[in-house]
Amino acid sequence: MACGRIPALQNAAYVAIIAWEALAALVLLAATWLWITGLRRGAYERARAASTVGLVMVLLLFGMGFLAIGGEWFAMWQSSDWNGLDAATRNVALAAFTLLVVHLPGVRRTGAEST
C-alpha cells in the first residue's frame, strides 16, 4: 500500500514536523535568552551551543525534510499548490548564514573577566 493512502501515517508525519518545528523554536528562544544574558556576563559558549543545536534542527527539517525528501522523493516541485521549495530554501539559507555568524571568531575574554 502506498504511503499516500495511509491517512494515519500522513497525520503522524504532519504532527512530527510541527513538533520538530516547535522544539527548534524553543531551543532558539532559549539560545536567544542565553545570548542576552551572556552579554552582561561574557558567557557566550552556552549561547553558541544552544544556537548551534536549534539552527541545525532547522537545517535538518527544511534542508533534509522539505528540500531533499519533499522536493525530490515526493516531487513537491511539480505541484503549483503545495510547492514549498522556495520557502524551505529561504529557511535553509537564513539558518546556514546565522550558523556561520554564530561561529565567527570574536573577542575572547580571559581570566577573571570571563566569569
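Now for a quick tour of the structure. (Residues numbered from 1 in each chain as written. Predicted model: local features only at pLDDT ≥ 70, side-chain atom pairs only at ≥ 80, totals over all residues. Heavy atoms only, no water.)

## Re the overall build of the protein chain
The cut-off we apply is this: In this text, helices come from DSSP runs of H or I with a minimum length of four residues, and strands from runs of E with a minimum of two, each type numbered from the N-terminal end. Exposed residues in this analysis have more than 50% of their type's maximum accessible area, buried residues have under 20%, and partly exposed residues fall in between, with area computed by a 1.4 Å probe over protein chains only. Every residue pair with non-hydrogen atoms within 4.5 Å of one another is taken to be in contact. Each accessible area value is a Shrake-Rupley result obtained with a 1.4 Å probe; residue values ignore everything except the protein chains displayed when judging cover.
Looking only at helices and strands, the protein chain features three helices and zero strands. Along the protein chain, helices (α) and strands (β) appear in the sequence α-α-α when read from the amino end. Evaluated residue by residue, the protein chain yields a buried proportion of 24% over its 115 residues. Of the contacts formed within the protein chain by residues at least 6 apart in sequence, a portion of 59% connects residues at least 24 apart. Of the roughly 8,300 Å² of accessible surface on the protein chain, 70% is carried by carbon and sulfur atoms.

## Side note on the side chain of Thr 37
The test is simple: Distance and chemistry together define a polar contact, namely a pair of N or O atoms within 3.5 Å, with one atom able to donate a hydrogen and the other to accept it when in protein, and with adjacent residues in sequence counting only for side-chain atoms on both sides.
By the secondary structure assignment, Thr 37 is in helix 1 (residues 7-41). Since its relative accessible area comes to 8%, Thr 37 is described here as buried. Among the polar contacts made by the side chain of Thr 37, one reaches the main-chain carbonyl oxygen of Leu 34 at a distance of 3.2 Å.

## Description of the nonpolar core
Note the threshold: What makes a nonpolar core is a set of buried Ala, Val, Leu, Ile, Met, Phe, Trp, Tyr and Cys residues whose side-chain atoms join them at distances within 4.5 Å.
Core analysis: the largest hydrophobic core is formed by 12 residues, namely Ala 24, Val 27, Leu 55, Met 57, Val 58, Leu 61, Phe 62, Ala 88, Val 92, Ala 95, Leu 99 and Val 102. Looking at this core, the elements with two or more residues in it are helix 1, helix 2 (45-73) and helix 3 (85-102). Apart from residues lying up to four places away in sequence, Phe 62 is in contact with Glu 21, Leu 67, Ala 88, Asn 91 and Val 92.

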